Amino acid sequence: MEENGLEQAISYFRKYNVYGRLFASMREKYASLGHLGGSFVLSGLTEDERGVLSGFTGMDLGTEPSVRISFAKLKRALSKSRFGVCTWEEILTAYENKPLVVRKEERSRQREERGAFWESCLSQCGKEDVREWLSGLLQEKGPGYRQILKQYKADQEAARKLLINVIHAAEQLPVDQGQKQVLPVFASGITGNPHYFDEGTAAGSLLLQFGKYRFGETDGKLSGIERKESVLYQMGILRDELSNTCLAYRVTGWKKDGRVHPGIQGFCEESQAFLLTLHTLGGLCRLESSPESLSRIHVVENPAVFSYLIEKYPENTFLCTSGRLTLAGYATMDLFSKDTQFYYAGDFDPEGLQIAQGLRERYGERLVFWNYKREFYEQAVSELELDDVRLKKLDRIDCPGLQEICQCMRECGRAAYQENMLGTYVVEGDFMGQMERNS
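These figures come from a predicted structure and were not determined experimentally.

Scoring rules and cut-offs
Residues numbered from 1 in each chain as written. Predicted model: local features only at pLDDT ≥ 70, side-chain atom pairs only at ≥ 80, totals over all residues. Heavy atoms only, no water. Helix = DSSP H or I, 4+ residues; strand = E, 2+ residues; numbered from the N terminus. Buried < 20%, exposed > 50% of the residue type's maximum accessible area, 1.4 Å probe, protein only. Contact = heavy atoms within 4.5 Å. Salt bridge = Lys/Arg side-chain N within 4 Å of Asp/Glu carboxyl O. pLDDT = per-residue confidence, 0-100. Expected span 1.5 Å × (residues − 1). Pairing = 2+ DSSP bridges. Axes fitted to C-alpha atoms, helices over the stretch in contact; angles between N-to-C directions. Parallel < 35°, antiparallel > 145°, perpendicular 65-115°, else oblique. Left-handed = near helix turned anticlockwise from the far one by under 90°. Arc of directions from axis to C-beta. Polar contact = N/O pair within 3.5 Å; in protein donor to acceptor, adjacent residues only side chain to side chain. Core = buried A, V, L, I, M, F, W, Y, C linked by side-chain atoms within 4.5 Å. Phe/Tyr/Trp six-rings, centres within 6.5 Å; stacked < 30°, edge-to-face > 60°. Lys NZ or Arg CZ within 6 Å of the ring centre and 35° of its normal. Disulfide = S-S within 2.5 Å.

Colleague: Go over the overall build of the chain, please, and point to the residues and values.
Modeller: Broken down by element type, the chain carries 21 helices and 14 strands. Seen along its three principal axes, the alpha-carbon backbone of the chain occupies a region of about 120 × 55 × 30 Å. Burial status across the chain gives 46% buried among its 439 residues. Pairs at least 24 residues apart make up 70% of the contacts formed inside the chain by residues separated by at least 6 positions.

Colleague: Any chance you could break down the pattern of salt bridges for me, citing the residues and the numbers?
Modeller: Within this structure, the stated rule accounts for 22 salt bridges. The partner of Lys-392 in a salt bridge is Asp-395, and the shortest N-O contact between them spans 3.2 Å.

Colleague: With reference to specific residues and values, describe the confidence of the model for the chain.
Modeller: Mean pLDDT over the chain: 87, with 93% of residues reaching 70 or higher. Segment residues 430-439: pLDDT under 50, and six contacts once partners within four positions in sequence are set aside and those in other chains are kept.

Colleague: How would you explain helix α2 (residues 17-33) if you had to name every residue and give the values?
Modeller: The terminal C-alpha atoms of α2 lie 25 Å apart, and with 17 residues this matches the ideal 24 Å at 1.5 Å per residue to within 8%. Taken together, the buried positions of α2 are Val-18, Tyr-19, Leu-22, Phe-23, Met-26, Arg-27, Tyr-30 and Ala-31. Downstream of α2 by a residue or two, Gly-34 has a phi angle that is positive, lying close to 90 degrees.

Colleague: Summarise the pairing of strand β2 (residues 67-70); cite the residues concerned and give the values.
Modeller: Here β2 shows a clear split, with Val-67 and Ile-69 buried on one side and none of Arg-68 and Ser-70 buried on the other. Pairing of strand β1 (residues 39-42) with β2 involves four bridges; the strand directions are antiparallel. Paired with Ser-39 across the two strands is Ser-70, which belongs to β2.

Colleague: Pulling in residues and values, what's your account of the packing of α2 against helix α5 (residues 88-96)?
Modeller: In contact at an axis separation of 11 Å, α2 and α5 are set at 115 degrees when each is read in the N-to-C sense. Compared by their axis directions, α2 and α5 come out roughly perpendicular. The way α2 lies across α5 gives a crossing that is left-handed. Of α5, the residues touching α2 (which contributes Tyr-19, Gly-20, Phe-23, Met-26, Arg-27 and Tyr-30) are Trp-88, Glu-89, Ile-91, Leu-92, Thr-93, Tyr-95 and Glu-96.

Colleague: Describe helix α15 (residues 303-312), naming the residues involved and giving the relevant values.
Modeller: Three- or four-residue spacings in an α-helix give side chains the same orientation, since the helix completes a turn every 3.6 residues. Those residues of α15 not exposed but buried are Val-305, Phe-306, Leu-309 and Ile-310. Projection of α15 onto a plane perpendicular to its axis shows the buried side chains occupying an angular sector of 130 degrees, all on one side. Packed against the buried residues of α15 are β5 (245-249), β9 (296-300) and β10 (318-320). You can read the cap of α15 off the contacts: a side-chain oxygen lies 2.7 Å from the backbone nitrogen of Ala-304, and it is on Asn-302.

Colleague: For the nonpolar core, give the residues involved together with the corresponding values.
Modeller: Within the largest apolar cluster, 65 residues are counted, with the highest numbers of intra-cluster contacts made by Leu-281, Leu-319, Leu-353, Leu-359 and Tyr-372. With sequence-adjacent residues up to four places away left out, Leu-319 is seen in contact with Cys-246, Leu-247, Ala-248, Val-251, Ile-297, His-298, Val-299, Val-300, Phe-306, Thr-332, Met-333 and Phe-336. One finds Ala-169, Ala-170, Leu-183 and Leu-208 within the second-largest nonpolar core, a separate group that totals 37 residues.

Colleague: Quick one: what's the story with the packing of aromatic side chains, residue by residue and with numbers?
Modeller: One pass over the full model with this rule turns up 29 aromatic pairs. Pairing Tyr-12 with Phe-13 gives two aromatic rings, centres 5.2 Å apart and planes at 65 degrees, and the pair type is edge-to-face. Residue Tyr-12 is classed as buried on the basis of its relative accessible area, which comes to 17%. Residue classification places Phe-13 among the buried positions, given a relative accessible area of 0%. Within the aromatic cluster, the residues linked to one another by ring pairs are Tyr-12, Phe-13, Tyr-16, Tyr-19, Phe-23, Phe-56, Phe-83, Trp-88 and Tyr-95. Over the ring of Tyr-95 we find Arg-14, and its NZ or CZ is 5.5 Å from the ring centre.

Colleague: Give me the state of the cysteines: which residues, what numbers.
Modeller: Inspection of every chain in the model, using the stated rule, returns zero disulfides. Between Cys-406, a cysteine without a disulfide, and Cys-399, which holds the nearest cysteine sulfur, the sulfur-to-sulfur distance is 9.2 Å.

What follows is the structure in C-alpha cells.
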C-alpha cells in the first residue's frame, strides 16, 4: 500500500458525510465480529447521499431512504477504485486516526485498567476494616458501587479523589477518638469542604455505607432520615445535633470522663423538665432514673400528658418523645441500664401502635405497654374516624400485646388519644405520693 494512496482515499471520503456514517457502522461490525463482514444498513439517506454511495459502489440504491450494502460489494468496489491499493481496515483506522478494536479485547483492556485503578485506591487504606469494606464493595458490586463506577467513567481522577477522601474519613471517625463532631466540622477537617459529606453527595452516601458495614444496620422503625442520622451518630458524627431532642424529667447523667453532668443534675435537683439534645447525649456514658422510680421509667408520646404526669408524680422519672420517636429518643433510652423497665404510653391510632411495636422490638420485655387495654380505649375514643388507608396499617402490627387495641380500632373505626386518658395513668409504686395526697 502506497502512503499517497491512503491519504488520497481519506481526503476523498472526508468530503462526504455519508461515509462517516457508513464507517461508524463498519467499525461497530468489526468490534462485534473481530473482522469486517456481513451487511451495513444506513437509514434516512437523502437523494444526494444515495447518489454518492451509488457512484462509488456501482449499485442501484433505488429511491428508499434506507439501504443495505454488503461488505462483499464494498470490498469489490474498493478494489476497482483508484484506492484499490488500500484495504478497508487501513481506511477505517486512518479515517478516525485510531485503531480498530475487537469489543471483547476492549472489554478485557478496560477490566485490567479498572482493576489497576481499584488496587491503587485500596493501597491507600491504612486500616484493615476499611480495606475489607472497600474491597468487598468493589468485588461484589455492593451498595455504592454504581456511584463509584459512574464517577470513574466520567473522570478517573475525580473518582480517585472521592475514594481517597472517603477512606480518610472512615479511618478518622470521631468515635474512635471518643468524640462527637458535627458533620460540617468533620467534613472540613478531612477535605477542607464542610459540605463534602452532605446528604445527596456520592461521598456522603459512601461514608454511610461504611458506617452500616462497621456498625450494622440501624433500627428499621426509624424514618429514612433518622436511620441515616443513627449511622452517623454511631460514627461519632452529628448532622442535626440541636433540633433532634427528647424531653426528660428527673434523670441524672454521667459524662464519659466519669463526672456527673452538672447541667442535668441541676435540672434534676430543681425538679424541672429539660430537653436532651443529640449533642448532649453524645457526651454521656449513662443515665439514671430517680430513686423513687424504682428502675421504672414512664415514657409518653404527648407533651401535655408529660406535663400532667410530672405535676402529679413529681418524684418519678418521665420521658417524652413529642410524637414519633426520634433518634434522640432512642439514644436517651439506650443510656439507661439494662435492668431499667420502660412503661410506654402512646396514642391509640395505627401510627402510634407502629411506634409502640418498634419499641418492643428494640427493648424486648423491658418495654411494658402502659394501659393498652380495651377499657382505656373505650374511655378515650375520639370522633376522628380512621380511613381505610390508616386502618390497613394495623395489618403490620403483629405484637401480641397490641392486638386488643388493634381489634378495638377495627371494630370502632376511630382513634383514641392520650389527652383523653389522663386520669387512667397511675404510676405504680408511688406509695409516698399516694399517702401524701390521701392525708
